[in-house]
Amino acid sequence: MLSCFPAMLLFSQQGTDMAKEKYLQKREGVLRPNAIKINSMAILFQNISVSYERAISQRFTAGVGFSYKYAGGGLGLLNVDSKKIDLYTEPINGFSVTPEARWYARKCESQVMEGFYIGLYLRFTRYNTGLKFDYYPDEGEPFRYNSTLKVGENGVGFQIGYQLVLWKRLTIDLMFMGPRYSNYHLGYEFDQVVSDEFLQDLSDYLNDVINRFGMDYTVELKQSGERRASHTFSFANIRFGIGIGYSF
């Protein structure tokens, strides 16, 4: 019995240490490590935006956002004065996926995801819309091209914001700004065979749109079939919003 006593003390001490370690891990963790939020400002633009955030530690979180644009006005910014082309746009619809990672400036001492944060995010967007072109060639009668425009975006950016938790569950995410740099691919599918003359005039039209914003690149539509054309460009954009959600 005396020979077994030290071993009993050793196992008892190990059990106490393990219990203490589990207690400290629970104490140092985040009490409610999950949050589901809705971007209230996106609704103003006929866009449903939902995000999920998960605490990895007391400072780092990871999440993903999904938004669906169910309706929207046409691309009015694409309209410029032209002698050869009149453009008419249809409503836009599509979706975007936004993975992100955040670092909070202070530890979650109250065991909730709260406080000032900075982060990185990716943006993958796929939008569709319809375009109608009234074309006035140098020779011959004017006619109309109908087309479907598919817009793809792959971007990366950073964000700055502050997250507040009220009544232990209500989460308010104030994203002050989230600038990003994206690569866009625009694909046009026309209802009839397009001529080289029209594609050149449409390229000039789009360059006039770009010059309006003072951007330094040139659009040159590339034909990828008798009824298809496409072009790519890079552009700086920004993300912002007010998320309201629930922590659990």
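Rules behind the numbers
- Residues numbered from 1 in each chain as written.
- Predicted model: local features only at pLDDT ≥ 70, side-chain atom pairs only at ≥ 80, totals over all residues.
- Heavy atoms only, no water.
- Pairing = 2+ DSSP bridges.
- Helix = DSSP H or I, 4+ residues; strand = E, 2+ residues; numbered from the N terminus.
- Buried < 20%, exposed > 50% of the residue type's maximum accessible area, 1.4 Å probe, protein only.
- Contact = heavy atoms within 4.5 Å.
- pLDDT = per-residue confidence, 0-100.
- Salt bridge = Lys/Arg side-chain N within 4 Å of Asp/Glu carboxyl O.

Quick look at the pairing of strand β1 (residues 34-39)
Next, step 1: Across five bridges, β1 lies against strand β2 (residues 47-55) in antiparallel orientation. Pairing of I38 across the sheet is with V50, part of β2.
Next, step 2: In the sheet, β1 pairs with strand β10 (residues 228-247) via five bridges, with the strands oriented antiparallel. For I36, the partnering residue across the bridge sits in β10 and is Y246.

Remarks on the environment of N39
Next, step 1: With respect to the element layout, N39 can be found in strand β1.
Next, step 2: Accessibility expressed as a relative area gives 18% for N39, which makes it buried.
Next, step 3: On a C-alpha basis, the gap between N39 and I244 in space is 6.5 Å, while along the polypeptide they are 205 residues apart.
Next, step 4: If we ignore the near neighbours within four places in the chain, the residues touching N39 are S49, F240, G241, I242 and G243.

Some points on the confidence of the model for the chain
Next, step 1: Overall, the prediction assigns the chain a mean pLDDT of 82, with 81% of residues at 70 or greater.
Next, step 2: Mean pLDDT in the chain bottoms out at helix α1 (residues 5-28), which sits at 47, and peaks at strand β5 (residues 93-104), which reaches 95.
Next, step 3: This model gives residues 4-11 a pLDDT under 50, and the stretch forms zero contacts once residues within four places in sequence are excluded.
Next, step 4: Across residues 18-27, where pLDDT falls below 50, the model places three contacts with residues more than four positions away in sequence or in other chains.

Here's the deal with the pattern of salt bridges
Next, step 1: Applying the stated criterion across every chain, the model contains 12 salt bridges.
Next, step 2: As a salt-bridge pair, K84 and D201 come within 3.5 Å of each other at their nearest N and O atoms. In this pair, K84 is assigned in the loop between β3 (60-69) and β4 (85-89) and D201 in helix α2 (residues 196-212), connecting sequence segments 117 residues apart.
Next, step 3: In this structure K84 comes out as partly exposed when scored by relative accessible area, which is 23%.
Next, step 4: Through salt bridges with shared partners, a single network forms among K37, E53, E100, R102, D173 and R239.

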